[in-house]
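# Remarks on the overall topology
The residues making up each chain are set out below.
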Amino acid sequence: MLAKLGDDGRAIAGGHSLIPMMKLRLATPGHLVDLAGIADLKGIRSDGNDIVIGAMTTQHDVVGSDLLAGKIPLLRETALLIADPQVRYMGTLGGNVANGDPGNDMPAVMLCLNATYHVTGKGGERRIPAREFYQGAYFTAMEGGDVLTAVRIPVPPAGHGAAYEKLKRKVGDFATAAAAVILTIGGGKVSSCSIGLTNVAETPLWAEEAAKILTGSSLDAATVKRAIAAAEAITSPASDARGPAHYRTKMAGVMLMRALARAKANAR
Ligand SMILES: Cc1cc2nc3c(=O)[nH]c(=O)nc-3n(C[C@H](O)[C@H](O)[C@H](O)COP(=O)(O)OP(=O)(O)OC[C@H]3O[C@@H](n4cnc5c(N)ncnc54)[C@H](O)[C@@H]3O)c2cc1C
């Protein structure tokens, strides 16, 4: 149906981004195609060394999954910082990552975790790395008629440390700035590190240079300071009701510092 309707049709998942956009007349699709009845789009499963999460899996399902709590606790932690229980009952993981809103929390976490998105369209299935998916605010690698069916995440090594730190004005708000960190530590030194940043540019950001600076270090204060400067340097937030641009950039740095400290503390 989506392929036939082209630009006049839009998939609806939990509706908790799309319906507010329609109320504001920022989206005016002629037709909505509800994905809720497609059972195959739901569920969380292991597939070799990956976890595959169906696009229609709700944030509430993510919070409640024992499999995710054991293998990728960062996802549960992030889901719990999204909005409030009512939104999490309806909002889906697929909707959160497909939406393309830089304020959504899951995309930066997916960059951090090196996730891959399964997208099905007229030409069959494509697998798109999350790190190549986001092209601008509300612009992604998906085309008209495409459906995101699942998110595939490589299970991080046992003993990894991770954290998502989010500054918001009040409970349930989108991030002023947020940072996701995943790292492994061996012999007192960082052996691998990945960092994602939320809502400090038109797209979620993968802070590759900052992570490179930290790799091989003992997370000493001078190296952390250099990494934070490298992460801040790739941000370009808008000045808005959440604060002026330079404040949001600095808050991204503060969130990164806190996430690094917590990830280090929970690594084994
Ligand atoms: C009060 C409130 C507070 C919120 N706070 C936060 C927050 O703090 N952090 C946060 O991350 N989000 C927040 N949200 C957004 C919420 O998490 C949304 O549920 C989520 O962004 C979109 O998921 P959805 O399932 O509701 O998608 P929908 O609203 O149904 O869809 C969103 C967009 O994605 C497309 N889409 C959805 N699923 C698919 C799919 N499988 N394939 C292709 N396209 C698809 C739709 O066509 C639409 O363009 C908030 C929402 C509200 C109402």
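Residues numbered from 1 in each chain as written. Predicted model: local features only at pLDDT ≥ 70, side-chain atom pairs only at ≥ 80, totals over all residues. Heavy atoms only, no water.

## Considerations on the nonpolar core
Leu75, Met110, Tyr117, Val151 and Ile153 are the most contacted members of the largest nonpolar core, which totals 38 residues. Residue contributions to this core peak at six residues, all from helix H8 (residues 106–113). Every residue in contact with Met110, bar those within four places of it in the chain, is listed here: Leu75, Leu93, Val97, Ala115, Tyr117, Ala130, Val151 and Ile153. Formed by 31 residues, the second largest nonpolar core is a distinct cluster that contains Val190, Leu219, Ala230 and Leu256. (Core = buried A, V, L, I, M, F, W, Y, C linked by side-chain atoms within 4.5 Å. Buried < 20%, exposed > 50% of the residue type's maximum accessible area, 1.4 Å probe, protein only. Helix = DSSP H or I, 4+ residues; strand = E, 2+ residues; numbered from the N terminus. Contact = heavy atoms within 4.5 Å.)

## Concerning the packing of aromatic side chains
Counting across every chain of the model gives three aromatic pairs. When the ring of Tyr117 is compared with that of Phe133, the centres are 4.7 Å apart and the planes differ by 85 degrees; the resulting orientation is edge-to-face. Here the residue Tyr117 occupies a position in strand S5 (residues 116–121), and Phe133 occupies one in the loop between strand S6 (124–129) and strand S7 (134–136), the gap between them amounting to 16 residues. Residues Tyr117 and Phe133 agree in their burial class; the two are buried. Measuring from ring centre to ring centre gives 6.2 Å for Tyr117 and Tyr134, while their planes differ by 85 degrees; the resulting arrangement is edge-to-face. Note that Tyr117 is positioned in strand S5 and Tyr134 in strand S7, a separation of 17 residues in sequence. Take Tyr117 and Tyr134: they sit in the same class, and that class is buried. Taken together through their ring pairs, the aromatic side chains of Tyr117, Phe133 and Tyr134 make up a single cluster. Positioned above the aromatic ring of Trp206 is the side chain of Arg131, whose terminal nitrogen or guanidinium carbon lies 3.7 Å from the ring centre. (Phe/Tyr/Trp six-rings, centres within 6.5 Å; stacked < 30°, edge-to-face > 60°. Lys NZ or Arg CZ within 6 Å of the ring centre and 35° of its normal.)

## Brief notes about unusual backbone geometry
The phi dihedral of Asn114 is positive, around 60 degrees, even though this residue is not glycine. Here Asn114 is to be found in the loop between H8 and S5. What makes Asn114 partly exposed here is its relative accessible area of 35%. For Asn199, which is not glycine, the phi dihedral falls at a positive 65 degrees. Locating Asn199 in the fold gives a position in the loop between strand S12 (189–198) and strand S13 (205–206). Asn199 sits in the buried class, given a relative accessible area of 12%.

Don't take any of this as a statement about function, it's just geometry.
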